[in-house]
Amino acid sequence: MKMVVVMMIMMVMAMVSEASMIEQTCKETPDFNLCVSLLDSDPRGSSADTSGLALILVDKIKGLATKTLKEINTLYKKRPELKQALDECSRRYNTILKADVPEAIEAISKGVPKFGEDGVIDAGVEAAVCEGDFKGKSPLTSLTKSMQKVSNVARAIVRMLL
């Protein structure tokens, strides 16, 4: 019986420690709630170190870029008058997927966080430029703003590795 109680206490302490790692890390970002939400939604978050948390956020950037590209492809059919802006956004989101995300993953994994920071910053910049191409009438605003927010949170965590 005593052993069971001790094991339960150890499990609770481990859970508190895991939660506090995410919370402590997220306190150093520009959007605590978004950060906690993103990291808690990934099963790797509970056992990740700072590098692991950064990689989880890079995966979130990848997922959001993929989702945005799918939306762009849908908009080609629904809004053909936006073809020029959509082409530019498609190019930018492909850059996120083919250059920025791989650069960030490789850099963080190899312990060279400066280049990882460059990749996550560029993802936010690409999204902002895409948004600007619509000159105030973007059908992608919620997705581009989300990318900018996730990019800013990821950048803050990657900077902790510098």
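Keep in mind that what you see is a predicted model, and the values were worked out from it rather than measured.

Below, the discussion takes up the pattern of salt bridges. Applying the stated criterion across every chain yields a total of 12 salt bridges. Here Asp-42 and Arg-44 are joined by a salt bridge, their closest N and O atoms 2.8 Å apart. On the basis of relative accessibility, which here comes to 39%, the residue Arg-44 falls in the partly exposed class. With its nearest N and O atoms 2.7 Å apart, the salt bridge here joins Glu-126 to Arg-92. Of this pair, Glu-126 sits in helix H5 (residues 113–133) while Arg-92 sits in helix H4 (residues 83–109), placing them 34 residues apart in sequence. It is possible to trace a salt-bridge network through shared partners that takes in Lys-114, Glu-117, Asp-118, Arg-155 and Arg-159.

Here we take up the state of the cysteines. Inspection of the entire model under this criterion finds 2 disulfides. Shown here is the disulfide that connects Cys-26 with Cys-35, its sulfur atoms set 2.0 Å apart. What sets the handedness of the Cys-26 and Cys-35 disulfide is the S-S torsion sign, and at about -70° it is left-handed. With relative accessibility at 0%, the residue Cys-35 sits in the buried group. Across the disulfide, Cys-89 is cross-linked to Cys-130 (sulfur-sulfur distance 1.9 Å). Taking the sign of the S-S torsion, 100° for the link of Cys-89 and Cys-130, the bridge is right-handed. Of this pair, Cys-89 sits in helix H4 while Cys-130 sits in helix H5, and the two are 41 residues apart along the sequence. Neither residue differs from the other here; Cys-89 and Cys-130 are each classed as buried. Along the protein chain, the cysteines engaged in disulfide bonds are linked according to the scheme 1-2, 3-4 when indexed in sequence order.

Okay, the nonpolar core next. Generally speaking, a soluble globular protein has its nonpolar side chains buried in company with each other. Membership of the largest hydrophobic core comes to 40 residues, with the highest contact counts inside it found for Leu-39, Ile-61, Tyr-93, Leu-140 and Met-147. Mapped by element, the contributors of at least two residues to this core are helix H1 (2–26), helix H2 (32–40), helix H3 (50–78), H4, H5 and helix H6 (141–159). Ranked by residue count, the leading element in this core is H3, at 11 residues. Those residues in contact with Tyr-93 that lie beyond four places of it in its chain are Ala-65, Thr-68, Leu-69, Ile-72, Ala-127, Cys-130, Leu-143, Thr-144 and Met-147.

Criteria and cut-off values
Residues numbered from 1 in each chain as written. Predicted model: local features only at pLDDT ≥ 70, side-chain atom pairs only at ≥ 80, totals over all residues. Heavy atoms only, no water. Salt bridge = Lys/Arg side-chain N within 4 Å of Asp/Glu carboxyl O. Buried < 20%, exposed > 50% of the residue type's maximum accessible area, 1.4 Å probe, protein only. Helix = DSSP H or I, 4+ residues; strand = E, 2+ residues; numbered from the N terminus. Disulfide = S-S within 2.5 Å. Core = buried A, V, L, I, M, F, W, Y, C linked by side-chain atoms within 4.5 Å. Contact = heavy atoms within 4.5 Å.

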